[in-house]
Amino acid sequence: MELIIKIILSYLLGSFSGSMILGKFKGIDIREMGSGNAGGTNALRTMGLIFAIGTILIDIFKGYIAVTILPFLKLGHTPIINTIDLETLLVICGIGAIIGHVYPIYYKFRGGKGAGTVIGILIALFPISLSICLPIWLVVLILSGYVGLSTIIAGIVLPICTTIFYTNGLYSPFGFFSIIISLFIIYTHRSNIYRMIAKSEHRFEKIMIFKK
């Protein structure tokens, strides 16, 4: 029962959307603007840098809290960490937060694409991966101008980092998590893939090195 409660709490925490919270103060629903997504990229494109930074920080913070505080809450006489592998519990809570971010119950199940929340989880559980994934994300962005493509490539690199640097690699609860998250990021960015194929995807040309 405690495990179920912690999964639910993680999902509910993840359901708090940074862009939607900040949008309340400005009287806007960011899902009605730009690409219709509630994530940091659309926030930057439609509302500017400060709004986007606030959005991303909130989304990162909730991912961090989901794996550093919620798993350790004492909800019964026999803590769940005495009966289940701690790493497994952390991963389950992390997945709950990501699902909440993408399918938030507070906002009719229309949220972001999960990248910000994943970053918060990685900061807590596997920070070395960010020192590899984030530079790769930036390089792809500079070369292509596509944020979606950059995020997809970084997501694909995550299981590779896990294989090389994480204890037991992919043969661990976190290894399973890295594979699932990589596939999930590709899934949540499927509309970006379709638009890139159709050559209708928005590009951040200001950051690109090579421009037409």
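Above this text sits the structure in question.
Throughout what follows, the structure given in this document is the object of discussion. Remember, it's a predicted structure, so these values are computed and weren't measured experimentally. (Residues numbered from 1 in each chain as written. Predicted model: local features only at pLDDT ≥ 70, side-chain atom pairs only at ≥ 80, totals over all residues. Heavy atoms only, no water.)

Before going further, it helps to examine the environment of glycine 94. With respect to the helices and strands, glycine 94 occurs in helix α5 (residues 86-102). Excluding anything up to four places from it in sequence, glycine 94 contacts Val67, Ile121 and Phe177. (Helix = DSSP H or I, 4+ residues; strand = E, 2+ residues; numbered from the N terminus. Contact = heavy atoms within 4.5 Å.)

For the rest of this paragraph, the subject is the side chain of histidine 101. With respect to the helices, strands and loops of the structure, histidine 101 is situated in helix α5. Given a relative accessible area of 3%, histidine 101 falls into the buried group. Not counting residues within four places of it along the chain, the set of residues in contact with histidine 101 comprises Gly14, Ser15, Asp59, Lys62, Gly111, Gly112, Lys113, Gly114 and Thr117. (Buried < 20%, exposed > 50% of the residue type's maximum accessible area, 1.4 Å probe, protein only.)

Before going further, it helps to spend a moment on unusual backbone geometry. Unusually for a residue other than glycine, phenylalanine 109 sits at a positive phi of about 65 degrees. Mapped onto the elements of the fold, phenylalanine 109 is located in the loop between α5 and α6 (115-125). Given the relative accessible area of 48%, phenylalanine 109 is considered partly exposed. We note that lysine 199 has phi near 60 degrees; this positive angle belongs to a residue other than glycine. With respect to the secondary-structure elements, lysine 199 resides in the segment after α10 (190-197). Look at lysine 199 and you get exposed, because its relative accessible area is 75%.

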